[in-house]
Amino acid sequence: MKLDKNKATPLRMIIMVLLAFGFNCITYYGTRLITSGFHHYNMSIKLDYIIPLVPWTVIIYLGCYIYWIANYALGAIQAEEEAAAFLCADLCAKIVCFILFVAFPTTIVRPEIADTGLMNKAMLFLYSIDTPDNLFPSIHCLTSWFCVIAVRKQKAVPGWYKVLSVIIALAICISTLTTKQHVIVDTFAGIALAELAYLFVKKSGILGPYKRLVAAIESFIISICKWRKQ
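Residues numbered from 1 in each chain as written. Predicted model: local features only at pLDDT ≥ 70, side-chain atom pairs only at ≥ 80, totals over all residues. Heavy atoms only, no water.

A. The arrangement of the pattern of salt bridges in detail. According to the stated counting rule, one finds nine salt bridges in the structure shown. Note that Lys94 is salt-bridged to Asp90, the shortest N-O span being 3.3 Å. Note that Lys94 and Asp90 are positioned in helix 4 (residues 80-103) at a spacing of four residues, about one turn of the helix. Look at Lys94 and you get buried, because its relative accessible area is 3%. Note on Asp90: relative accessible area 1%, which makes it buried. Within this structure, Arg12, Glu80 and Glu218 form a network of salt bridges that share partners. (Salt bridge = Lys/Arg side-chain N within 4 Å of Asp/Glu carboxyl O. Helix = DSSP H or I, 4+ residues; strand = E, 2+ residues; numbered from the N terminus. Buried < 20%, exposed > 50% of the residue type's maximum accessible area, 1.4 Å probe, protein only.)

Here it is, written out as structure tokens:
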């Protein structure tokens, strides 16, 4: 796989990735501090109650982080213009998530799980570390679909891997339902938001200010490093 010669500088790549990752953490964890006393809505529909709990799919749900790291890395090292669009879209989507998590907090009723068997224990572990809130839209599905967006236009990425990325993303979305971490509307909203955020960045002109912000941060860091060397 050949890397694009027009890719961003390493420092600029790191800044863009850290902006996206940092706001992701603020959105996912910070909003809980705001909404802890709020009423949370359950958006389950009849089909959600029909979908069974499938404990072994917790492997897919938790294993997604390897997939995320791989595809976000590929998204960051492509041509600078496309890398900036991808990571700017991710940031914009997380801003929307922040607003929705605060304005419309959601929750889900989790099933009772017996403390027997490896997969059941894994499910109980998942439930112990992840509270049933910040569900709409699903960041799991949002991030997984951004992994598809990250590679689908790259000529250097083999076609088989692009297809595999779609399959993995869909498997992760399904796992959010079969682990009872999300309801159907959350999964579709996550995918839709990823596509809409990317389209917004491509069509709105916001990419210009975003790139200037990244360049300003890069210049500031470089100036600080030069000052410390003096």
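Moving on from the coordinates now.
B. Just the nonpolar core, in detail. Ranked by internal contacts, the top residues of the largest apolar core, which has 47 residues, are Leu87, Phe146 and Tyr210. For this core, the secondary structure elements donating two or more residues are helix 1 (10-35), helix 3 (58-76), helix 4, helix 6 (139-152), helix 7 (159-178), helix 8 (184-204) and helix 9 (207-229). Looking at which element gives the most residues to this core, the answer is helix 4, with twelve residues. Tyr210 has contacts with Met16, Leu19, Ala84, Leu87, Cys88 and Leu91, leaving out every residue within four places of it along the chain. (Core = buried A, V, L, I, M, F, W, Y, C linked by side-chain atoms within 4.5 Å. Contact = heavy atoms within 4.5 Å.)

C. Up close: the packing of helix 6 against helix 7. In the contact formed by helix 6 and helix 7, the axes pass within 9 Å of each other and the chain directions differ by 175°. Our classification of the angle between helix 6 and helix 7 gives roughly antiparallel. Here helix 6 contributes His140, Cys141, Ser144, Trp145, Val148, Val151 and Arg152 to the contact with helix 7, which in turn contributes Tyr161, Lys162, Ser165, Val166, Ala169, Leu170, Ile172, Cys173 and Thr176. The residue makeup of the contact of helix 6 with helix 7, split by class, is ten nonpolar, four polar and two charged. (Axes fitted to C-alpha atoms, helices over the stretch in contact; angles between N-to-C directions. Parallel < 35°, antiparallel > 145°, perpendicular 65-115°, else oblique. Nonpolar A, V, L, I, M, F, W, Y, C, P; charged D, E, K, R; others polar.)

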